[in-house]
Amino acid sequence: INSKLPNLPESIFTTMSGLANKHNAINLSQGFPNFETSTILQHLVSQAMSNGHNQYAHMRGDIELREVIAQKIENLYQTNYNPQNEITITAGATEALFNAITCFVNKNDEVIIFKPAFDSYEPVVKLNGGLPVLIQLNYPDYKVNWQEVASKITSKTKMIILNTPLNPTGTLFTNNDMMALQYLITNTNIIVISDEVYEHMTYDGHPHQSACKYPILKAQSFVIASFGKTFHNTGWKIGYCAAPKYLMDEFIKVHEFNIYSINTPTQKAFATFVKDESNYSYLNQFYQNKRDLFLEGIKNSNFTYVPSKGTYFQLLKYDKITQENDVDFAKRLVKEFKIATIPVSVFNVDNLDEKVLRFCFAKTDETIIKATEILCKIN
Ligand code: PMP
Ligand code: GLN
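What counts and what doesn't
- Residues numbered from 1 in each chain as written.
- Chains lettered and ligands numbered in written order.
- Predicted model: local features only at pLDDT ≥ 70, side-chain atom pairs only at ≥ 80, totals over all residues.
- Helix = DSSP H or I, 4+ residues; strand = E, 2+ residues; numbered from the N terminus.
- Buried ≥ 20, exposed ≤ 12 C-beta atoms within 10 Å, placed from the backbone.
- Near = placed C-beta within 6 Å.
- Nonpolar A, V, L, I, M, F, W, Y, C, P; charged D, E, K, R; others polar.
- UniProt positions renumbered as here; feature names shortened; annotations may be inferred.
- Pairing = 2+ DSSP bridges.
- Domains from an automatic or database assignment.
- Contact = placed C-beta atoms within 7 Å.

Draft legend 1. Spatial organisation of unusual backbone geometry. The omega torsion of the bond from Thr-164 to Pro-165 falls at -15°, within 30 degrees of zero and hence cis. The omega angle of the peptide bond from Asn-167 to Pro-168 is 15°, so this bond is cis rather than trans. Examined against the element boundaries, Pro-168 turns out to sit in the loop between strand E5 (157–163) and helix H7 (175–185). Its identity is not glycine, yet Asn-187 carries a phi of approximately 60°, on the positive side. Turning to its location among the elements, Asn-187 is positioned in the loop between H7 and strand E6 (191–195). Since 7 C-beta atoms lie within 10 Å of it, Asn-187 is described here as exposed. Notably, Asn-351 is not glycine yet its phi reads approximately 50°, a positive angle. Looking at where Asn-351 falls in the secondary structure, it is placed in the loop between strand E11 (342–343) and strand E12 (356–360).

Right, dumping it as structure tokens:
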């Protein structure tokens, strides 16, 4: 067959979670919590089902939920989106990313992607005939050099995809980064996708800088969020996208014929749950405590690190332990030590091996303690 995506390996998340199950290992690889989503939220979903909310929702999403999201964005970032036509509920951030890329990227359009990056961006750009233009960020601070970005912009640049807080590195785009990006796209037709699925996981007082806070940037951006990531229910696959009307008008053309609408009962439940700010305002501190517990636990290990500033991932460098490449070392860790992680080179340009593994700390304190005790024994 004439594959549209030749040589695309199985996703590293599928591989590592599979290995974790096979070896009965502690799974700190794929990013999902091993604790339960709120029982109130679970109850709201079953209540919505009992109350007969079981048929197709509005194509753009339940209007009450869209209104709640518009209010939440206004409270957090002091900017307005019209819930009627500037917010769409999606099947997770993954669907939103697919739609936003697909509705604008044509054959030979260039799309700037910072690496390491979440693994869905590049295949979707390629499916649409686009050309990923990759910019490598490097250990330990993974800062963007905006002059380098400027030098990669051509007349064919259609889009820039950014992710803040950044999976897998745990870095944050600062106010200066966002201002630099805004400056670069001013008076251009470049569209920005701002993947902000970890917006409620930033640490040590560092704020999340949403693209929607910057007026020119907002006017050219799709801002994408994930309820799965925020509310500990990644298996529900629900998220949303916010964008100015002229962009959203195109986005929904893909959404409508890709998925049409998202399941109704979870939307009804989130419409009630997200209204209450206390259901998410605790998250930064909650995950900071988990990060700190993880770092305290490995303090005396042979791994080295820079504390994660955001996301629920921590990178650890292991060059004091072995010179094996990260994929081999990650596979050995699962088999010999029963800890599953993600080797970061798979997210890099040309599989650049910096001897760094990604650990997900969205786990119970008990799991974190157990995992760090094992990590301290590796030398
Ligand atoms: N973007 C990033 C940066 C991610 O890490 C993930 C994985 N959760 C997604 C998007 C996809 O999110 P969802 O599970 O809501 O589709
Ligand atoms: N975002 C998750 C991670 O980085 C994985 C999601 C997926 O498996 N596609 O681990």
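What follows picks up the thread again.
Draft legend 2. Local environment of the site of ligand 2. Ligand 2 sits among Phe-13, Gln-30, Gly-31 and Asn-167. Grouping the constituent residues of the shell around ligand 2 by class yields one nonpolar, three polar and no charged.

Draft legend 3. Main features of the UniProt feature "domain: Aminotransferase class I/classII large" (unreviewed entry) in the protein chain. Listed under "domain: Aminotransferase class I/classII large" (unreviewed entry) in the UniProt record, and renumbered for this structure, are residues 25–371. In this annotation, residues 25–371 is assigned 37% helix and 16% strand; the end-to-end C-alpha distance for the span is 10 Å.

Draft legend 4. Looking closely at the site of ligand 1. With respect to spatial proximity, 14 residues lie near ligand 1, and among them Gly-92, Ala-93, Thr-94, Phe-118 and Ser-226 are the closest. Mapped by element, the contributors of at least two residues to the shell around ligand 1 are helix H4 (92–102) and helix H9 (227–230). Broken down by class, the residue content of the shell around ligand 1 amounts to three nonpolar, nine polar and two charged.

Draft legend 5. Structural context of the sheet that holds E12. On the basis of which strands lie adjacent, the open sheet formed by three strands has the order E9-E12-E11 and antiparallel pairing. In the strand order of this sheet, the two ends are held by strand E9 (313–317) and E11, each with one partner. Of the pairings in the sheet, the one linking E11 to E12 comprises two bridges and is antiparallel in character. Bridge pairing in E12 places Pro-343 opposite Leu-357.

Draft legend 6. Quick look at the domain arrangement of the protein chain. Examined at the domain level, the protein chain breaks down into domain 1 (12–30 + 282–375) and domain 2 (52–277). Here the C-alpha centre of domain 2 lies 26 Å away from the C-alpha centre of domain 1. Contacts between domain 1 and domain 2 engage 24 residues on the former and 24 residues on the latter. At the level of elements, helix H12 (283–297), E9 and E12 are the ones that each hand at least two residues to the side of domain 1 that touches domain 2. When residues of the side of domain 1 that touches domain 2 are assigned to their parent elements, the largest contribution, five residues, is made by H12.

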